[in-house]
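Per-entry structural report
Take a look at the letters that make up each chain.
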Amino acid sequence: MPANKQILLDNRPQAEASAGNFKLVSAETPALKDGEVLVRHHFLSLDPYMRGRMNDAKSYAAPQPVGQVMQGGTVGEVVESRTPKYQAGDKVVGMGGWQEYSVVSADQPGALRKVDTTHVPLSHYLGAVGMPGVTAWYGLVKIIEPKAGQTVVVSAASGAVGSALGALAKARGCRAVGIAGGPDKCRYVTEELGFDACVDYKQHADAHSLSKALKEACPDGVHGYFENVGGMVMDAVMLRMNAFGRIALCGMIAGYDGKPIPMAYPQLILTNRLLVQGFIVSEHMDVWPQALQELGTLVGTGKLRPRESVAQGIESAPEAFLGMLKGRNFGKQLVKLI
Ligand SMILES: NC(=O)c1ccc[n+]([C@@H]2O[C@H](COP(=O)([O-])OP(=O)(O)OC[C@H]3O[C@@H](n4cnc5c(N)ncnc54)[C@H](OP(=O)(O)O)[C@@H]3O)[C@@H](O)[C@H]2O)c1
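Residues numbered from 1 in each chain as written. Predicted model: local features only at pLDDT ≥ 70, side-chain atom pairs only at ≥ 80, totals over all residues. Heavy atoms only, no water.

Quick look at the pattern of salt bridges now. Under the defined criterion, the tally for this structure stands at 13 salt bridges. The partner of Lys91 in a salt bridge is Glu77, and the shortest N-O contact between them spans 3.8 Å. Within this pair, whereas Lys91 is found in strand β5 (residues 91–94), its partner Glu77 is found in strand β4 (residues 74–81), the two being separated by 14 residues in sequence. A residue is classified by how much of its surface remains accessible, and Lys91, at 24% relative accessible area, is partly exposed. Using a relative accessible area of 24% as the deciding quantity, one classes Glu77 as partly exposed. Its salt-bridge partner being Arg172, residue Glu294 comes within 2.8 Å of it at the nearest N-O pair. A residue pair is termed long-range when its members are at least 10 positions apart, and Glu294 in helix α8 (residues 288–300) and Arg172 in the loop between α3 (160–171) and β9 (175–180) qualify at 122 residues. For Glu294, a relative accessible area of 21% gives the class partly exposed. Classification of Arg172 by relative accessible area gives partly exposed; the value is 25%. (Salt bridge = Lys/Arg side-chain N within 4 Å of Asp/Glu carboxyl O. Helix = DSSP H or I, 4+ residues; strand = E, 2+ residues; numbered from the N terminus. Buried < 20%, exposed > 50% of the residue type's maximum accessible area, 1.4 Å probe, protein only.)

Take the packing of aromatic side chains next. The geometry of an aromatic ring pair comes down to the distance between the two centres and the angle between the two planes. In the structure shown here, the tally under the stated rule is 6 aromatic pairs. Ring plane angle 70° and centroid distance 5.6 Å describe the contact between Trp98 and Phe321, whose orientation is recorded as edge-to-face. Of this pair, Trp98 sits in the loop between β5 and β6 (101–105) while Phe321 sits in helix α9 (residues 317–325), and the two are 223 residues apart along the sequence. No difference in accessibility class separates Trp98 from Phe321, as the two residues are buried. The ring of Tyr188 carries Arg307 above its face, with NZ or CZ at 5.8 Å from the centroid. Over the face of the ring belonging to Phe330 we find Arg307, whose NZ or CZ atom lies 3.6 Å from the ring centre. (Phe/Tyr/Trp six-rings, centres within 6.5 Å; stacked < 30°, edge-to-face > 60°. Lys NZ or Arg CZ within 6 Å of the ring centre and 35° of its normal.)

Among the 9 residues of α9, 8 are classified as buried, and the element is accordingly described as predominantly covered. When α9 is considered as a whole, its buried residues turn out to be Ala317, Pro318, Ala320, Phe321, Leu322, Gly323, Met324 and Leu325.

Take the environment of Gln6 next. Structurally, the position occupied by Gln6 is in strand β1 (residues 3–9). Accessibility expressed as a relative area gives 13% for Gln6, which makes it buried. For the pair formed by Gln6 and Leu239, sequence separation is 233 residues and the distance between their alpha carbons is 46 Å. The contact partners of Gln6, leaving out residues within four places of it in the chain, are Lys23, Leu24, Val25, Ala27, Val69, Trp98 and Gln99. Separated by 2.8 Å, the side chains of Gln6 and Gln99 make a polar contact. (Contact = heavy atoms within 4.5 Å. Polar contact = N/O pair within 3.5 Å; in protein donor to acceptor, adjacent residues only side chain to side chain.)

This next bit is on the side chain of Asn4. Here Asn4 shows up in strand β1. Owing to a relative accessible area of 4%, Asn4 belongs among the buried residues under this scheme. For Asn4, the side chain forms a polar contact with the main-chain nitrogen of Glu100, separated by 3.0 Å. Polar contacts involving the side chain of Asn4 include one to the main-chain amide nitrogen of Tyr101, which spans 2.9 Å. Once residues within four sequence positions are removed from consideration, Asn4 is found in contact with Val25, Ser26, Ala27, Thr29, Gln99, Glu100 and Tyr101.

Okay, structure coming up:
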């Protein structure tokens with residue numbers, strides 16, 4: 001069996017996460033038992049939620065155990081199988097973790113899913129046609145529920161979730177407005193992703209200044225807001241929300257490394273009668289097939305052209321992950337393992 005390089009959580013961050021929290025090791029891959037498959041990972045997904053799990057804190061999911069392989073989504077190829085359910089060569093998506101190979105029991109529900117790479121590249125099953133895409137779909141379709149002609153705003157618009165949100169909103173006849181960091185990301189959001197406008201939050205020192213820029217981008221106000229960031233960006237959008245506006249609270253990455261991100265204008269929830277709904281995509285498995293079907297079609301037909309930031313080799317995973325938490329990624333952050 002092949003040697004397997006792995007990244008473990010070595011210790012928990014005290015404040016900002018650092019490379020010293022992780023440890024690279026090499027382990028023997030165990031021999032397969034009946035019912036198991038050996039998967040060689042082609043790509044590892046790096047996602048913001050992993051930062052929360054590095055803490056030993058009360059949350060919707062158990063913390064990442066110290067001394068164990070970092071958990072995470074992977075796509076790859078079955079290289080050996082001791083079950084009729086999978087054959088060598090099958091392309092699969094699973095939760096293989098930060099390592100080059102995983103041994104998976106085929107009977108474990110939801111552990112592995114075969115994917116078709118005829119029209120959709122394998123890596124996109126970790127992004128637009130995977131968990132981040134379904135996240136955008138759920139927040140838009142089930143929480144914001146926009147009508148054609150309404151304005152939908154999303155923060156971190158060039159990222160894995162934000163880019164899918166834009167395509168899904170445009171498909172429903174909405175005005176899609178992004179917020180992103182820097183001119184290159186904003187250009188990509190409008191020119192390649194087809195958003196109607198994008199506001200560069202880095203050009204604004206405070207929420208009022210950003211809010212003024214949003215007023216121009218959203219002449220009819222904001223009907224729906226898909227929140228990925230929190231802090232100043234959320235304050236600015238709150239100031240532009242229409243009465244009975246709906247906010248899908250998906251993420252608050254500005255606070256993941258322990259910085260407080262107070263909300264400046266909570267009274268607007270009352271005066272504008274806003275609906276604010278947090279959600280966790282893994283708690284809504286019932287919508288995944290429908291969402292994946294729409295997302296696969298958008299990618300397959302070129303209506304959603306997701307961008308990827310690809311780091312090379314398992315050794316690069318910690319730095320790529322820390323960079324993503326600071327916005328150094330441009331699109332879905334992946335690690336290529338072969
Ligand atoms: N609720 C759920 O079930 C669920 C599922 C998946 C993801 N999420 C959330 O969705 C959000 C987006 O995830 P993603 O995978 O698509 O990541 P991503 O957008 O591809 O990458 C993260 C991006 O966040 C942006 N960002 C904005 N403000 C930031 C700040 N103060 N500090 C650091 N980064 C900042 C950066 O883009 P800029 O350069 O444009 O700032 C960065 O590129 C995250 O909040 C994540 O936790 C939630």
